[in-house]
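Here's the letter readout for the chains.
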Amino acid sequence: MIYNLESDYTEGALPEIIEALVSTNLEQTTGYGEDPHCENARRLILGAARRAAQVFFCVGGTQANMLVLTAALRPHEAALCVESGHINTHETGAPEAAGHKVITVSGADKLTPADIERALNAHMPIHTAKPRLVYISQSTEWGTVYTRDELQAIYSLCRQRGLYLFIDGARLGCGMAAAGMELSDIAANCDAFTIGGTKNGALFGEAIVISAPELSADFSYIMKQRGALLAKGR
């Protein structure tokens, strides 16, 4: 037998997920993610994160990234990431289509505090888009991972310089396993992150976890306006 390790996109879903869908299929529940199953998922996520936060569910990674950027950035503000960052390379210009510039750092697959400082120092007030959010992936597009110390250093600088830190967790399960980290390590060192279901055995779906209250306050409105609020949320 030959195993294809490209990604979970080549298969359906874990049997346990299909069985759960079948066993609860005839339940009548409230829609739009307000059902008991979504609430239980939120409790499980927050229990593992061990940080006060709000949890939202959407279909896929590009949609999740755009929702967070929309909540975090005003029209004159920009996201900062490495050249290989997913928002810069594989999202068909989605941030720019929504009016948000992506500022890239060349020559690296992982951002460092020094990279962020360079980008901030290159910013010309009024004449260039203002960096407001730092975007990283765990794991990265190249399969590398941030250590706990690296995340702490980046988040510390972001807080000092008034930046949000957003972690794209499309591959978070693999990234945490490789780095020897827990979900609480991720939650403690960013303002928002995603948990990828699509690449980790689910049929589809990402969880968006937001600890910055000002980002989560109207997030449901942003989801609805952007077509991301699932009627059958469960």
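Scroll up to find the structure this text is about.
As the structure is a prediction and not an experimental result, all values here were calculated from the model. (Residues numbered from 1 in each chain as written. Predicted model: local features only at pLDDT ≥ 70, side-chain atom pairs only at ≥ 80, totals over all residues. Heavy atoms only, no water.)

1. Quick look at the pattern of salt bridges
Applying the stated rule across the entire model yields seven salt bridges. For Arg42, the salt bridge is made with Glu39, and the minimal N-O distance between the two is 2.8 Å. Remark: Glu39 and Arg42 occur in helix α2 (residues 36-49); sequence separation between them is three residues, near one turn of the helix. Arg42 sits in the buried class, given a relative accessible area of 17%. Between Arg132 and Glu77 there is a salt bridge whose closest N-O contact spans 3.8 Å. Of the two residues, Arg132 is situated in strand β4 (residues 130-137) and Glu77 in strand β2 (residues 77-82); the sequence distance between them amounts to 55 residues. You can call Arg132 partly exposed: its relative accessible area is 21%. (Salt bridge = Lys/Arg side-chain N within 4 Å of Asp/Glu carboxyl O. Helix = DSSP H or I, 4+ residues; strand = E, 2+ residues; numbered from the N terminus. Buried < 20%, exposed > 50% of the residue type's maximum accessible area, 1.4 Å probe, protein only.)

2. Examining the packing of aromatic side chains
For the structure shown, the criterion picks out two aromatic pairs. Aromatic side chains Phe56 and Phe219 sit 4.7 Å apart centroid to centroid with 45° between the ring planes, which places their arrangement in the tilted category. Of the two residues, Phe56 is situated in strand β1 (residues 54-58) and Phe219 in helix α11 (residues 219-225); the sequence distance between them amounts to 163 residues. Each member of the pair, Phe56 as well as Phe219, carries the same accessibility label: buried. A cation sits over an aromatic face here: Lys110 above Tyr146, 5.4 Å from the ring centre. The ring of Tyr155 has Arg159 lying over it, and the distance from NZ or CZ to the ring centre is 4.4 Å. (Phe/Tyr/Trp six-rings, centres within 6.5 Å; stacked < 30°, edge-to-face > 60°. Lys NZ or Arg CZ within 6 Å of the ring centre and 35° of its normal.)

3. A look at the environment of Val68
Looking at the secondary structure, you find Val68 in helix α3 (residues 61-72). On a C-alpha basis, the gap between Val68 and Val209 in space is 9.8 Å, while along the polypeptide they are 141 residues apart. Look past the residues within four positions of Val68 in its chain and what remains in contact with it is Leu133, Phe166, Ala192, Ile208 and Phe219. (Contact = heavy atoms within 4.5 Å.)

4. Considerations on unusual backbone geometry
Residues Gln138 and Ser139 are joined by a peptide bond in cis, for which omega reads 0°. You can see Ser139 is positioned in the loop between β4 and α7 (148-160). Residues other than glycine seldom take positive phi values, yet Arg50 does so here, at roughly 55°. Residue position: Arg50 is located in the loop between α2 and β1. Exposure remark for Arg50: the relative accessible area of 64% places this residue in the exposed category. One non-glycine residue, Ile126, adopts positive backbone phi at about 75°. Locating Ile126 in the fold gives a position in the loop between α6 (113-122) and β4. For Ile126, a relative accessible area of 82% translates into the label exposed.

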